[in-house]
Amino acid sequence: MEQLRAAWAAKTIVMIIITSILFQCVCGVNHTVGETSGWDLTSNIQAWASSATFSVGDDLVFLYTPVYDVVEVNQQGYDTCTIANAMATYSSGETVIHLTVPGTRYFVCGRLGHCQQGLKLQVQVQTQAQGQTQSNNNGAPPHSSGNSLPAPPHSAPDTPPADVPESCDCSRADHMLTSITLVITTVILSSARASFLFPLKHHLLLVFT
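Given the structure is predicted, the values throughout are model-derived calculations rather than measurements. (Residues numbered from 1 in each chain as written. Predicted model: local features only at pLDDT ≥ 70, side-chain atom pairs only at ≥ 80, totals over all residues. Heavy atoms only, no water.)

Enquirer: Teacher, can you tell me more about the overall build of the chain here?
Expert: For the chain, the count of helices and strands is six helices and eight strands. Classification of the 209 residues of the chain by burial places 32% in the buried group. Considering only residue pairs separated by 6 or more positions, the chain has 76% of its internal contacts joining residues 24 or more positions apart. Total accessible area on the chain stands at roughly 13600 Å², and carbon and sulfur atoms take up 59% of it. (Helix = DSSP H or I, 4+ residues; strand = E, 2+ residues; numbered from the N terminus. Buried < 20%, exposed > 50% of the residue type's maximum accessible area, 1.4 Å probe, protein only. Contact = heavy atoms within 4.5 Å. Areas by Shrake-Rupley, 256 points an atom, 1.4 Å probe, with all protein chains shown as cover.)

Put into structure tokens, the structure is as follows:
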């Protein structure tokens, strides 16, 4: 019995170590679709999408009135503005879509005529490394030779700027990890006895070798 308890405790300690390694805080960007005008026929959704970089871990935030909805479709549905084979339909007025995997996702408004008028969104989701590289490249100043003439002044573009990443708050993740570790440790201590400390050491050596 004591050896079984020691083996169980050793495996639990290993689980704590693995949880500490894998439980990481990943912060994404909240993209409000259409910026201030939201998911609306007055928004230039294509221009907004072309100015943003979408990465795994980001969120798409659709804000809209009851005359609109959000329908996720495949590429054919996006190209033809058909929702017969819709993957999901939302109508709450505030829909958050979490981007979990790389690839292309398609969204349209399912109300009559709205998609044909341009209320649709194609999102190319990149890995976080790809998104960071593209953001760095977009922010780098253009290379110019010493003999080149100064660029003429230009006005700000009409398209809205890309979403700015929010500050990364890992306090919830740290608190959850601490709670998990505390619970597991409490279970170990409540079941432990001094008599199995030596078998526990033996089992730990077997696990890590």
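Enquirer: Sorry if this is basic, but what is going on with the pattern of salt bridges here?
Expert: Pairing between side chains of opposite charge can happen when their charged atoms approach one another. Considering all chains together, one arrives at two salt bridges under this definition. Between Asp69 and Arg111 there is a salt bridge, with its nearest N and O atoms 3.4 Å apart. On the criterion of sequence distance, the pair formed by Asp69 in the loop between strand S3 (59-63) and strand S4 (70-73) and Arg111 in the loop between strand S7 (103-108) and strand S8 (120-126) is long-range, its members being 42 residues apart. The partner of Arg105 in a salt bridge is Glu72, and the shortest N-O contact between them spans 2.9 Å. One end of the pair, Arg105, is in strand S7; the other, Glu72, is in strand S4, and 33 residues separate them in sequence. (Salt bridge = Lys/Arg side-chain N within 4 Å of Asp/Glu carboxyl O.)

Enquirer: What's the story with the pairing of strand S6 (residues 94-98) in this structure? I'm lost.
Expert: Along a regular strand, successive side chains alternate from one face of the sheet to the other. The two faces of S6 differ: Thr95 and Ile97 on one face are buried, but Glu94, Val96 and His98 on the other face are not. As defined by bridge partners, S3 adjoins S6 across five bridges and the pair is classed as antiparallel. Within the sheet, the bridge partner assigned to Leu63 lies in S6 and is Glu94. (Pairing = 2+ DSSP bridges.)

Enquirer: What am I meant to see in unusual backbone geometry here?
Expert: Backbone geometry follows two general trends: most residues other than glycine have a negative phi, and most peptide bonds adopt the trans configuration. Despite not being glycine, Glu35 has its phi angle at roughly 55°, a positive value. Tracing the sequence through the fold places Glu35 in the loop between strand S1 (30-32) and helix H2 (45-50).

Enquirer: Please clarify how the environment of Thr80 should be interpreted in this entry.
Expert: Structurally, Thr80 can be placed in helix H3 (residues 75-80). By relative accessible area, which is 43% here, Thr80 ends up partly exposed. Within polar-contact distance, the side chain of Thr80 engages the backbone oxygen of Gln76 at 2.6 Å. (Polar contact = N/O pair within 3.5 Å; in protein donor to acceptor, adjacent residues only side chain to side chain.)

Enquirer: Help me understand the sheet that holds S6, please; the structure alone is not making it clear to me.
Expert: Strand pairs in the sheet, formed through backbone hydrogen bonds, run parallel or antiparallel to each other. Spatial strand order, S1-S3-S6: three strands in an open sheet with mixed pairing. The open sheet is flanked by S1 and S6, the only strands paired with a single partner. Strand-to-strand twist in this sheet, taken as the mean axis angle between neighbours without regard to direction, amounts to 20°. (Axes fitted to C-alpha atoms, helices over the stretch in contact; angles between N-to-C directions.)

Enquirer: Help me understand the sheet that holds strand S2 (residues 54-55) in this model?
Expert: Taking strand neighbours across the sheet as the criterion, the five strands line up as S2-S8-S7-S4-S5 in an open arrangement whose pairing is mixed. Two strands lie at the open edges of the sheet, namely S2 and strand S5 (88-90), each paired on one side alone.

Enquirer: Would you mind going over the state of the cysteines with me for this structure?
Expert: Here a disulfide denotes a covalent bond joining the sulfur atom of one cysteine to the sulfur atom of another. Within this structure, the stated rule accounts for one disulfide. Here Cys81 engages in a disulfide with Cys115; their sulfurs sit 2.1 Å apart. Across the disulfide from Cys81 to Cys115, rotation about the S-S bond amounts to roughly -70°, and the bridge is consequently left-handed. Here Cys81, found in the loop between H3 and S5, pairs with Cys115, found in the loop between S7 and S8; they are 34 residues apart in sequence, far enough to count as distant. Considered together, Cys81 and Cys115 belong to a single accessibility category, that of buried residues. Distance from the sulfur of Cys109, which forms no disulfide, to the nearest cysteine sulfur (Cys115) is 8.2 Å. (Disulfide = S-S within 2.5 Å.)

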